[in-house]
Amino acid sequence: PVMMEGIMLPPQPFHVPWEQHINELRTLTLRDDDVFLCAYPKAGTHWLWEVIYMLLHGKVTYEARTKEFMMIEFSSKERLEAEASPRIFNTHLPFSMLPVQDIKRKKIKVVHVYRNPKDTVVSQWFHFKQFGANIFKDFEQFIQAFINGPMLFGTYPDYLKQTEKFMDDNPDIPFFNVSYEETKKHPVETVQRLAKFLGVSASDQLCRDIADACSFQKMKEADKSKAVVKDAAIPLNQDIYRKGEVGDWKNHLSAKDEALMDKFIADRLQGLTKFKLEYTP
Ligand code: A3P
C-alpha cells in the first residue's frame, strides 16, 4: 500500500503513479448528469451502483463490467472520459481526492451509502482474506487496524467525518445519504426515493422490479454469469456477494471483539449527526 496525504491507498494497480492519478481525478471534467456514488469499502457500493444504473436507464439490466471500470481509483482518466453518459462514478476515495471543484460548480448529485461498523468490519475481513493477504494474523488484529488504522482509504470515522463535513459545507449540492440497513429493510421505498432524487420518472412497478433484481440473491446469481472481468485493472475474481445480511457480525464477533467495537463506536463515532450507526438488529 501507498500513503498519500495521510490516506492509505491500495498497491498501484495501473500505469500511472497514484499522485498523478489523483491529480487527474481532481481535475476531471464532469458532465451535468454525472452521479457520484461514495462509500467506505464494504458498505454496499455494488448494490447501490446497480440500482442507480437501472434507474438512470429505466430498465432492469446488470452492468457488472461498467461498474468495475467506473470505480475511479482503479480506472484511468481516459477510460472515465470515454464512458457514455450518464456516468455513475463509484469511489471509496475521500472528498479531498475527488473533482470537488466541478462537483460544486455543476451541482453534481452525490449518493453516499454507509453501514453499521460491526457488519462493515466483518465484511472487510472476509473481503481482505480473499485476496490471500497475510498482513493480519487474525480477525482480532484486523479489528485493531480497523479501529486504529492505517486502513485502506483511511479509517471509518475519518471517512464519515469528512463526508459529513462535505455535506455541511456544501448544502446546495444534492446529496442522498442512505444506510445499508435502511436499503435492506425498505428496498422498494429506497429505490423510489432514489428515483426522485435522481430526477427520473420510474413507475412503481419498475421500482419494485429494480428492488427485486437488486436483491442479494439475484445480484449474486447475475454476477456468477460474468464473475471475472479479465481486462480490468484489478483481478475481479473475488466474490463480492458473501452473505448480504444485517447483523451477521453476531456470528463472527467474540465477546471481546464486540466490546472493542462498542468502545470504538462510543469513542470515535459520536458527534456525527447524519448517520445512524449504532444499529443493533
Ligand atoms: P457481506 O460481506 O456482509 O456479505 P461493497 O459492494 O461495498 O463491496 O459491499 C459488499 C457487501 O455488500 C457484502 O457484504 C455483500 O454481500 C453486500 N451486498 C452486495 N450486494 C448486495 C445486495 N444486493 N443486497 C444486500 N447486500 C449486498
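A brief structural summary. Keep in mind that what you see is a predicted model, and the values were worked out from it rather than measured. (Residues numbered from 1 in each chain as written. Predicted model: local features only at pLDDT ≥ 70, side-chain atom pairs only at ≥ 80, totals over all residues. Heavy atoms only, no water.)

**Remarks on the layout of surface pockets**
Threshold: Here a cavity denotes a set of grid points, spaced 1 Å apart and computed over the protein atoms alone, in which a 1.4 Å probe fits but from which it cannot get out, and a pocket denotes an open set meeting protein on both sides within 12 Å along at least five of seven lines; residues with an atom within 4 Å of a point are reported as lining. Grid points are joined across faces, edges and corners, and a volume is the space filled by probe spheres set on the points. Helix and strand definitions follow DSSP, with helices as H or I runs of at least four residues and strands as E runs of at least two, each counted in order from the N terminus. All amino acids are sorted into three groups, where Ala, Val, Leu, Ile, Met, Phe, Trp, Tyr, Cys and Pro are nonpolar, Asp, Glu, Lys and Arg are charged, and the leftover types, Gly among them, are polar.
Of the voids in this model, the second largest pocket is the one considered here, and its volume is about 190 Å³. Lining of the second largest pocket is provided by 11 residues; of these, Y114, S179, E181, E182 and K276 occupy positions nearest its centre. Secondary-structure elements contributing two or more residues to the lining of the second largest pocket are β6 (175–179) and α9 (180–185). Residues that form the lining of the second largest pocket fall into these classes: 3 nonpolar, 3 polar and 5 charged.

**Considerations on the sheet that holds strand β5 (residues 109–114)**
The condition is simple: Should DSSP find at least two bridges between two strands, the strands are regarded as paired. For helices, the axis comes from a line fit to the C-alpha atoms of the stretch in contact; other axes are also lines fit to C-alpha atoms, and the angle between any two N-to-C directions lies between 0 and 180 degrees. Residue contacts are counted whenever heavy atoms from the two residues lie within 4.5 Å of one another.
Spatially, 4 strands are ordered β4-β3-β5-β6 in an open sheet, and the strand pairing comes out parallel. Two strands lie at the open edges of the sheet, namely β4 (88–91) and β6, each paired on one side alone. Strand-to-strand twist in this sheet, taken as the mean axis angle between neighbours without regard to direction, amounts to 15 degrees. As judged from the 5 bridges shared by strand β3 (residues 35–39) and β5, these two strands associate in the parallel manner. By the bridge assignment, V35 is partnered in β5 with K109. On the sheet, helix α2 (residues 45–57) packs against β3, β4, β5 and β6 and is oriented at approximately 165 degrees with respect to β3. Lying over the sheet, helix α8 (residues 156–169) contacts β3, β4, β5 and β6, oriented at roughly 150 degrees with respect to β5.

**Brief notes about the site of the ligand**
The test is simple: If even one non-hydrogen atom of a residue comes within 4 Å of a molecule or strand, that residue is called near it. Identification of polar contacts relies on pairs of N or O atoms within 3.5 Å, with a donor-acceptor requirement for protein atoms, meaning one able to donate a hydrogen and the other able to accept it, and with residues adjacent in sequence counted only if both atoms are side-chain atoms. We get accessible surface area from the Shrake-Rupley algorithm with a probe of 1.4 Å; when it comes to residues, only the shown protein chains can shield them.
Inspection of the region around the ligand gives 18 residues, with T45, H46, S123, Y180 and K243 positioned closest. In this structure, a nitrogen atom belonging to the ligand sits 2.7 Å away from a main-chain N or O atom of C214. Between the ligand and the protein, one listed contact pairs an oxygen atom with a side-chain N or O atom of R242 at 2.8 Å. Expressed as a share of its isolated accessible area of 570 Å², the protein-covered part of the ligand is 98%. Residue assignment for the shell around the ligand shows that the elements contributing at least two residues are α2 and α12 (216–224). It is α2 that contributes the most residues to the shell around the ligand, 3 residues altogether. Among the residues forming the shell around the ligand, the class breakdown is 8 nonpolar, 6 polar and 4 charged.

**Some details on the packing of aromatic side chains**
The criterion, for reference: Pairing of aromatic side chains requires ring centres within 6.5 Å, counting the rings of Phe and Tyr and the six-membered ring of Trp. Pairs whose planes differ by under 30 degrees are stacked, by over 60 edge-to-face, and all others tilted. The buried label goes to any residue with under 20% of its type's maximum accessible area, the exposed label to any with over 50%, and the partly exposed label to all in between, with areas taken from a 1.4 Å probe on protein chains only.
With the rule as written, the count across this model stands at 19 aromatic pairs. Both rings, one in W49 and one in Y53, keep their centres 5.2 Å apart while their planes meet at 20 degrees; by these two values the pair is stacked. Residue W49 and its partner Y53 are both found in helix α2; the two are separated by 4 residues, about one turn of the helix. Under the relative-accessibility criterion, W49 is labelled buried at 1%. Of the residues examined, Y53 reaches a relative accessible area of 13% and is grouped as buried.

**Some points on helix α10 (residues 187–198)**
The cut-off we apply is this: Multiplying 1.5 Å by the residue count of a helix minus one yields the expected span of that helix. As used here, the arc belongs to the directions running from the helix axis to the C-beta atoms.
The end-to-end C-alpha distance of α10 is 16 Å, a good match for the 16 Å that 12 residues give at a rise of 1.5 Å each. Buried within α10 we find T190, V191, L194, A195, F197 and L198. The arc that holds the buried residues of α10, viewed along the axis, is 165 degrees, so those residues lie on one side. Its buried side turned inward, α10 meets β3, α2, β5, β6, α9 and α11 (204–213).

**Description of the nonpolar core**
Put simply, the rule is: Nonpolar cores were defined as sets of buried Ala, Val, Leu, Ile, Met, Phe, Trp, Tyr and Cys residues, with membership established by side-chain atoms within 4.5 Å.
Ranked by size, the top nonpolar core spans 85 residues in total, and within it F36, L93, L98, I103, L160 and L194 carry the most contacts. Look past the residues within four positions of L98 in its chain and what remains in contact with it is L25, R26, F36, C38, I72, T91, L93 and I103.

**Points about the environment of R26**
Positionally, R26 belongs in helix α1 (residues 18–26). C-alpha separation for the pair R26 and L56, spaced 30 residues apart in sequence, amounts to 25 Å. Apart from residues lying up to four places away in sequence, R26 is in contact with M4, E5, S96, M97, L98 and P99. At a separation of 2.9 Å, a polar atom in the side chain of R26 contacts the main-chain carbonyl oxygen of S96.

**A closer look at the side chain of K118**
Of note, K118 is situated in helix α6 (residues 117–130). A relative accessible area of 6% places K118 in the buried class. Setting aside residues up to four positions removed in sequence, K118 forms contacts with W249, L253, E258, M261, D262 and I265.

**Focus on the packing of α2 against α10**
Formally: When describing relative orientation, an angle under 35 degrees is termed roughly parallel and one over 145 degrees roughly antiparallel, while 65 to 115 degrees is termed roughly perpendicular and anything else oblique. Handedness of each helix crossing follows the sense of rotation of the near helix against the far helix: counterclockwise by less than a right angle gives left-handed, clockwise gives right-handed.
The contact between α2 and α10 brings their axes to 10 Å, and the two run at 60 degrees. It follows that α2 is oblique to α10 by the angle criterion. In this structure, α2 crosses over α10, and the sense of that crossing is right-handed. Residues L48, V51, I52, L55 and L56 of α2 pack against V191, L194, A195 and L198 of α10.

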